[in-house]
Amino acid sequence: SLVECLGDSLSDLESGVLTMYLEGRSYEEIAERLGCTPKTVDNALQRVKRKVTAHLRTREVVDLR
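Each residue is numbered by its place in its chain's sequence as written, counting from 1. Under the rules for a predicted model, residues below a pLDDT of 70 receive no local features and side-chain atom pairs below 80 are neither given nor counted, while totals for whole chains, interfaces and linings still include all residues. The basis for the side-chain values is all heavy atoms of the structure; hydrogens and waters are excluded.

## Things to note about the overall build of the protein chain
For step 1, the next point in the chain: Secondary structure elements are taken from DSSP: a helix is a run of H or I of four residues or more, a strand is a run of E of two residues or more, and numbering for both begins at the N terminus. In terms of helices and strands, the protein chain carries 4 helices and 0 strands.
For step 2, the next point in the chain: Ordered by position in the sequence, the α and β elements of the protein chain form the string α-α-α-α.
For step 3, the next point in the chain: Excluding contacts between residues fewer than 6 apart, the proportion of contacts in the protein chain whose partners are at least 24 apart in sequence is 49%.
For step 4, the next point in the chain: Computed with the Shrake-Rupley method and a 1.4 Å probe, the accessible areas treat only the protein chains shown as cover for residues. Accessible area for the protein chain stands at about 4,600 Å²; split by element, carbon and sulfur atoms hold 50% of it. Contacts: residue pairs with any heavy atoms within 4.5 Å of one another.

Below, the structure written as C-alpha cells:
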C-alpha cells in the first residue's frame, strides 16, 4: 500500500531524490546528478515525508499526534 501510494503520488523529482537518498547519496551528489540545488533536494525530501505521513494517517498505521 505504501509503495503504491509513493508510486502514485510522488513527482518524478521526488521519486528520483528518494531513490538516490535511500541509496545513501548525499544531498550534494543528488543535486549534481539531477541538475538542481541541495535545497531543492531537501525540499523534495520534505514533501516526500509529508506525503508518507499523510498516507500513514489515512491508513491508521501509526498515531502521529
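## Some points on the pattern of salt bridges
A side chain with one charge can pair with a side chain of the opposite charge if their charged atoms come near.
For step 1, the next point in the chain: Definition used for salt bridges: Asp or Glu carboxyl oxygen within 4 Å of a side-chain nitrogen of Lys or Arg. Scanning the model with the defined rule gives 6 salt bridges in all.
For step 2, the next point in the chain: Two residues, E14 and K51, come together in a salt bridge whose shortest N-O distance is 2.7 Å. On the criterion of sequence distance, the pair formed by E14 in helix α2 (residues 12-22) and K51 in helix α4 (residues 38-59) is long-range, its members being 37 residues apart.
For step 3, the next point in the chain: By relative accessible area, K51 is classed as partly exposed at 26%.
For step 4, the next point in the chain: Across the pair D42 and K39 runs a salt bridge, and its minimum N-O distance is 3.6 Å. Of this pair, D42 and K39 are both found in helix α4, 3 residues apart, which corresponds to roughly one turn of the helix. Relative accessible area decides the class of each residue, using a 1.4 Å probe on protein chains only: under 20% of the type maximum gives buried, over 50% gives exposed, and in between gives partly exposed.

## Examining the nonpolar core
For step 1, the next point in the chain: Among the nonpolar cores identified, the biggest contains 7 residues, and these are V17, M20, I30, A31, V41, A44 and L45.
For step 2, the next point in the chain: When contributions to this core are tallied by element, the ones reaching two or more residues are α2, α3 (27-34) and α4.
For step 3, the next point in the chain: Apart from the residues lying within four places of it in its own chain, the contact partners of L45 are V17, L18, Y21 and Y27.
For step 4, the next point in the chain: Definition of nonpolar core: a set of buried residues of the types Ala, Val, Leu, Ile, Met, Phe, Trp, Tyr and Cys, connected through side-chain atoms within 4.5 Å. Core analysis: the second largest hydrophobic core is formed by 5 residues, L6, L10, L18 and V48 among them.

None of this, on its own, says anything about what the molecule does.
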